[in-house]
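Single-letter residue listing:
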Amino acid sequence: MQQLMQRIGYQFNNPDLLRQALTHPSAGAQDNQRLEFLGDAVLQYIMSDLLYASHPKDREGKLTHLRALLVCEAALSQVARGLKVGQALIMDKGEELTGGRDKPSVLCDAMEAILAAIYLDGGLDAARQVVCRHWPRPEDVHRPMQDSKGALQEHLQKDGGEAPVYTLVGQDGPPHDRTFECAVSRYGKELARGKGRTKKQAEQTAALTALKKLTGEG
């Protein structure tokens, strides 16, 4: 843990907080889920404050879009990989054997928990310094290619404005083999529809279809 503290650039007064932040739920009762809950709120506030100060001319829609990029799973897991958080995680053998040390969701949760631990140990300024030191710029966040919803939102909100809205418009088939259909719209105008085996998959398909139409690829 000492090496991780050096990479983070913060020395804990209470190292047990960092240990808890690094403890995956597979490893026992004292895991990082409560810290993760707090860390999400800490990061949201810090990013809101930083963006408000650094983008004085941007409206709410643009600021919301930038914040979404910087607090998403892709950004958090990217920071965690840079700090080699995965090497320090405490988890059971089964989780480790299934690639738990490099799962984006696991790294994201751990990074949020670490921020919460720093906040509890050293206060908001300490957490802010860590964010300022290690977070990428919005354009440097490496989102997975399958995140069509994120790509569509980025395309639509380059100049601010309303985020796209997703609506379930239909479902078909028996409960064990259901197909969902979702529509994506903006300012009340439907952009596209998509189908999938889950609501999330249908939303991603709708977003991809809309993005292709808007960029002339569809």
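Everything below is about the structure printed above this text.
Let me sum up the structure you'll find in this document.

Things to note about the overall build of the chain
Broken down by element type, the chain carries 11 helices and 3 strands. Beginning at the N terminus, the succession of helices and strands in the chain can be written as α-α-α-α-α-α-α-α-α-α-β-β-β-α. Summarising its shape, the C-alpha atoms of the chain cover approximately 55 × 50 × 25 Å along the three principal directions. Within the chain, counting contacts between residues at least 6 apart in sequence, those at least 24 apart form 54% of the total. Within the chain, one finds 28 positive and 28 negative side-chain charges whose respective centroids are separated by 3 Å.

Comments concerning the pattern of salt bridges
All told, the structure shown has 8 salt bridges when counted by the stated rule. Where Asp49 meets Arg128, a salt bridge forms, and the shortest distance between an N and an O atom there is 2.7 Å. Residue Asp49 is found in helix α3 (residues 33-54), and its partner Arg128 is found in helix α9 (residues 124-134); the two are separated by 79 residues along the sequence. Put simply, Arg81 and Asp102 hold a salt bridge, and the shortest N to O gap is 2.8 Å. Remark: Asp102 occurs in the loop between α7 (93-97) and α8 (104-122) and Arg81 occurs in helix α5 (residues 73-82); sequence separation between them is 21 residues. On the basis of relative accessibility, which here comes to 38%, the residue Arg81 falls in the partly exposed class. Note on Asp102: relative accessible area 45%, which makes it partly exposed.

Focus on the sheet that holds strand β1 (residues 165-172)
Ordered in space as β1-β2-β3, the 3 strands form an open sheet in which the pairing is antiparallel. Edge positions in the open sheet fall to β1 and β3 (189-196), since each of these has one partner strand only. Within this sheet the neighbouring strands show an average axis-to-axis angle of 25 degrees, counted without direction. Strands in contact with helix α11 (residues 199-215) are β1, β2 (179-186) and β3; relative to β3, the strand with the most contacts, it is inclined by about 130 degrees.

Some words on the pairing of β2
Within β2, 6 of the 8 residues are buried, leaving the element largely enclosed by the surrounding structure. Alignment of β1 against β2, held across 7 bridges, turns out to be antiparallel. Of the residues in β2, the one forming a bridge with Thr167 is Ala183. Relative to β3, β2 is paired through 7 bridges, and the arrangement is antiparallel. Across the sheet, residue Phe180 finds its bridge partner in β3, namely Gly196. What sits between the antiparallel neighbours β2 and β3 is a turn of 2 residues, in which Tyr187 has the positive phi angle 55 degrees.

Some remarks on α11
Here α11 contains 17 residues, and its C-alpha end-to-end distance of 24 Å stays within 8% of the 24 Å for a straight helix at 1.5 Å per residue. Within α11, burial applies to Ala202, Glu203, Ala206, Ala207, Ala210 and Leu211. Backbone geometry just after α11 places Gly216 at a positive phi near 80 degrees.

Quick notes on the rules
Numbering of residues starts from 1 in every chain and runs along the sequence as written. Local features are withheld for residues below a pLDDT of 70 in this predicted model, meaning they are given only at 70 or higher, and side-chain atom pairs are given and counted only at 80 or more; totals for whole chains, interfaces and linings count all residues. Here the side-chain values reflect all heavy atoms present in the structure, with hydrogen atoms and water set aside. Secondary structure counts use DSSP, requiring at least four H or I residues in a row for a helix and at least two E residues in a row for a strand, with both numbered from the N terminus. Any two residues whose heavy atoms approach within 4.5 Å are treated as being in contact. Two residue types count as positive, namely Lys and Arg, and two as negative, namely Asp and Glu; His and chain ends fall outside the count. Charge positions come from single atoms, namely NZ of Lys, CZ of Arg, CG of Asp or CD of Glu. Any Lys or Arg side-chain nitrogen located within 4 Å of an Asp or Glu carboxyl oxygen qualifies as a salt bridge. Remark: exposure states derive from per-residue accessible area (1.4 Å probe, protein chains only) relative to the maximum for the residue type, with buried under 20%, exposed over 50%, and partly exposed in between. Any two strands are treated as partners once DSSP identifies two or more bridges connecting them. Where helices are involved, their axes are fitted lines through C-alpha atoms of the stretch in contact, as for all axes, and angles between N-to-C directions lie from 0 to 180°. Helix span, expected: 1.5 Å multiplied by one less than the number of residues in the helix.

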